[in-house]
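# Examination of the molecular architecture
One letter stands for each residue in the lines below.
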Amino acid sequence: MKPQIKIILSNFFFEYETPRQVLVRNKKVAVACRIIQMGVLGYIIGWVFMYEKGYHAIDTAIGSVFTKMKGVSLTNISGEERIWDAADFVFPEQGASSFVVMTNYIATVGQQQDKCPELPDGKNKCTTDKDCDKGKYKRQMTGRCISNTSTCEIYSWCPVEDDRQIPDPAILLTSENYTLFIKNSITFPHFNVVRSNLVESVNQSYINTCLYHPKTDPLCPIFRLGDIVELSGFSFSEIARLGGAIGLLIDWDCNLDLSIRHCEPKYEFYGLYGTGRNDKEKPSLGYNFRYAKYYVEKGVEKRTLMKVFGVRIDIIVNGRAGKFDIIPTLTAIGSGVGIFGVATVVCDLLLLHFVTKKDFYKNMKFKHTEIPEETPALP
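All residue numbers refer to positions counted from 1 along the written sequence of the respective chain. In keeping with the predicted nature of the model, local features appear solely for residues at pLDDT of at least 70, side-chain atom pairs appear and are counted solely at 80 or more, and the whole-chain, interface and lining totals rest on all residues. Values reported for side chains reflect all heavy atoms of the structure, with hydrogen atoms and water molecules removed beforehand.

## Description of the overall build of the chain
Put simply, the test is: Counting from the N terminus, the helices are DSSP H or I runs at least four residues long and the strands are E runs at least two residues long. Both definitions apply: the radius of gyration is a C-alpha atom measure, and the globule rule equals 2.2 Å times residues to the power 0.38. Pairs of residues are marked as contacts when any of their non-hydrogen atoms sit within 4.5 Å. Accessible surface is estimated by sampling points in the Shrake-Rupley manner with a 1.4 Å probe; for residues, cover comes only from the protein chains shown. By the counting scheme adopted, Arg and Lys are positive, Glu and Asp are negative, and His together with the chain ends is not counted. For this purpose, a charge sits on NZ of Lys, CZ of Arg, CG of Asp or CD of Glu.
Across its full length, the chain holds 9 helices and 15 strands. Expected size for 379 residues packed as a compact globule is a radius of gyration near 21 Å; at 38 Å, the chain overshoots this value by more than 25%. In the chain, once contacts between residues fewer than 6 apart in sequence are set aside, the share between residues at least 24 apart is 68%. Of the accessible surface of the chain, which amounts to about 24700 Å², a share of 56% is contributed by carbon and sulfur atoms. In the chain, the 45 positive side-chain charges and the 42 negative ones have mean positions that sit 5 Å from each other.

## Brief notes about the packing of helix H8 (residues 341-353) against helix H9 (residues 358-365)
We count it as follows: The angle between two axes is taken between their N-to-C directions and runs from 0 to 180 degrees, where each axis is a line fitted to C-alpha atoms and a helix contributes only its stretch in contact. Throughout, the term roughly parallel applies to angles under 35 degrees, roughly antiparallel to angles over 145, roughly perpendicular to angles from 65 to 115, and oblique to all others. Only Asp, Glu, Lys and Arg are considered charged in this grouping, and only Ala, Val, Leu, Ile, Met, Phe, Trp, Tyr, Cys and Pro are considered nonpolar; every other residue, Gly among them, is considered polar.
It is at 6 Å that the axes of H8 and H9 come closest, and there the two elements cross at 120°. Taken together, H8 and H9 sit at an angle that is classed as oblique. Along its contact with H8, which presents Asp-348, Leu-351, Leu-352 and His-353, the element H9 presents Lys-358, Tyr-361, Lys-362 and Lys-365. The class makeup of the residues in the contact of H8 with H9 is 3 nonpolar, 1 polar and 4 charged.

## Remarks on the packing of helix H2 (residues 27-51) against helix H7 (residues 326-339)
The axes of two packed helices give the description: the angle between them and the distance between them. The line we're drawing: For any helix crossing, the convention is left-handed if the near helix is rotated counterclockwise from the far helix by under a right angle, and right-handed if that rotation is clockwise.
Where H2 contacts H7, the two axes come as close as 10 Å, and the packing angle between them is 155°. Of the possible angle classes, the one that applies to H2 and H7 is roughly antiparallel. Judged by the twist between their axes, the crossing of H2 over H7 is right-handed. Contact residues: H2 offers Val-40, Tyr-43, Ile-44, Val-48 and Phe-49, while H7 offers Thr-329, Ala-332, Ile-333, Gly-336 and Ile-339. Within the contact of H2 with H7, the residues separate by chemical class into 8 nonpolar, 2 polar and no charged.

## Quick look at the pattern of salt bridges
The line we're drawing: The term salt bridge refers to a side-chain nitrogen of Lys or Arg lying within 4 Å of a carboxyl oxygen of Asp or Glu. Summary of the burial criterion: residues with accessible area below 20% of their type's maximum are buried, those above 50% are exposed, and those between are partly exposed, where the area comes from a 1.4 Å probe applied to protein chains only.
Counted by the stated rule, this structure contains 12 salt bridges. For Lys-307, the salt bridge goes to Asp-163, with nearest N and O atoms at 2.8 Å. You can see Lys-307 sitting in strand S15 (residues 300-324) and its partner Asp-163 sitting in the loop between strand S8 (151-158) and strand S9 (179-188), a full 144 residues away along the chain. With relative accessibility at 9%, the residue Lys-307 sits in the buried group. On the basis of relative accessible area, Asp-163 is assigned to the partly exposed category, the value being 24%. In this structure, Lys-302 engages Glu-297 in a salt bridge whose closest nitrogen and oxygen atoms are separated by 2.8 Å. For Lys-302, a relative accessible area of 14% translates into the label buried. On the basis of relative accessibility, which here comes to 38%, the residue Glu-297 falls in the partly exposed class.

## Details of the UniProt feature "transmembrane region" (unreviewed entry) in the chain
The criterion, for reference: UniProt positions are given in the numbering used here, feature names are shortened, and annotations may be inferred rather than shown by experiment.
According to UniProt, the feature "transmembrane region" (unreviewed entry) maps to residues 29-50 and 333-355 in the numbering used here. Taken end to end, residues 29-50 has its terminal C-alpha atoms 30 Å apart, with 100% of it in helix and 0% in strand. Across residues 333-355, the secondary structure splits into 87% helix and 0% strand, with the terminal C-alpha atoms separated by 33 Å.

## So, H8
Convention followed: Any helix carries an expected span of 1.5 Å times its number of residues minus one. For this quantity, the arc is that covered by the directions from the helix axis to the C-beta atoms.
Between its first and last C-alpha, H8 extends 18 Å over 13 residues, near the 18 Å set by a 1.5 Å rise per residue. Along H8, the residues that are buried comprise Ala-343, Cys-347, Leu-351 and Leu-352. Down the axis, H8 shows its buried residues gathered within 145° of arc, on one side only. Elements that come into contact with the buried residues of H8 comprise H2, H7 and H9.

## Things to note about a nonpolar patch on the surface
This is how the line gets drawn: Like charges within 9 Å and nonpolar side chains (Val, Leu, Ile, Met, Phe, Trp, Tyr) within 5 Å are joined into patches, using only residues over 30% in relative accessible area that form no salt bridge.
Together, Tyr-43, Trp-47, Tyr-51, Ile-339, Val-342 and Val-346 line one region of the surface with nonpolar side chains, adding up to about 560 Å² of accessible area. Here the nonpolar patch gets 3 residues from one element, more than from any other, and that element is H2. Among the secondary structure elements, Val-346 is positioned in helix H8. On the accessibility criterion, Val-346 (30% relative accessible area) is partly exposed.

## Digging into the pairing of strand S10 (residues 193-196)
Selection criterion: DSSP-based pairing: two strands are paired if at least 2 bridges between them are found.
Pairing of S9 with S10, which is carried by 4 bridges, proceeds in the antiparallel orientation. Of the residues in S10, the one forming a bridge with Phe-188 is Val-193. The loop that links S9 with its antiparallel partner S10 comprises 4 residues; one of these, Asn-192, has a positive phi angle of about 55°.

## Regarding the state of the cysteines
Put simply, the rule is: Working definition: a disulfide is two cysteine sulfur atoms within 2.5 Å of each other.
Counting across every chain of the model gives 5 disulfides. Sequence-ordered numbering of the bonded cysteines in the chain gives a pairing of 1-6, 2-4, 3-5, 7-8, 9-10. Residue Cys-33 stays outside any disulfide, its sulfur separated by 3.9 Å from that of Cys-347, the closest cysteine. With relative accessibility at 14%, the residue Cys-33 sits in the buried group.

Laid out in structure tokens, this is it:
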């Protein structure tokens, strides 16, 4: 028993096994093999290493955004002039990454809590008091039908808002000349890299004179509202009238093998929803909301209700950085070497199943052995 164990251990530690290789001189199979290998090599070098940078360790950014809107508009409605500045047309006013710029509105002045008839818009008609049962609809009805409007009387802020006619053109159409300043900072924690969109070439004198343009001033952090809308594919006159939403993407794609100065932001603009040029037949177009300004007049609480139409801007930061690392490099090389085996599998299929001398190649590739039957010993 001991000699057998000794032989097994000796064979395991001191013998090397190698697969048998057969050299096949077949032009068609050889050409097919080389084409597949060149395709795999091109994929590894071109796609994995050059395009996808498979030798990089990747980190994603943690970012913050501060905004500041500037602009002034002058309106004259029924002979009443009014100045609108950022404190009036930006919601919310804290400089967040998502905000609304008011471009149009419907104002209902002097509302107070009282009883008044519903809006005669054709949706709430009545002929008798029986058509105005209390609590029948969303509004709180008093149970009376007002004859001169043919609508039910309700408890509400009176007079009720009339939003059937949206001002056209937009009241604050000059808002296209408002400017938006964006300050964005990002951090790649894995590489301990901190960057700002105010890169080395963006100094104070440049900021004082620049205005973003995708070709001439792609790094300028100051944007004209009209340009933002047009670059996203919207018509400013239409989006100003009904409102809409735009996504402003700040994209960081940094190769940290190069100088940090090459790590710069790229700005992109997308129409999220609202009133694009091809949206004419879509329902519920635009973007709007309501807010109220409350005051007291002669001891009575009153308010001015504003239905605001505007451009909602959502600023999104996307950051990705890569730097050479030996582990992903070896992983990419190992996976590439493994893919080279595809050529062997395909060529074996051709040799063993499709060429005319497939049986000959089978005999050359596979070596069959048979265990001889033992002859019984004679007594």
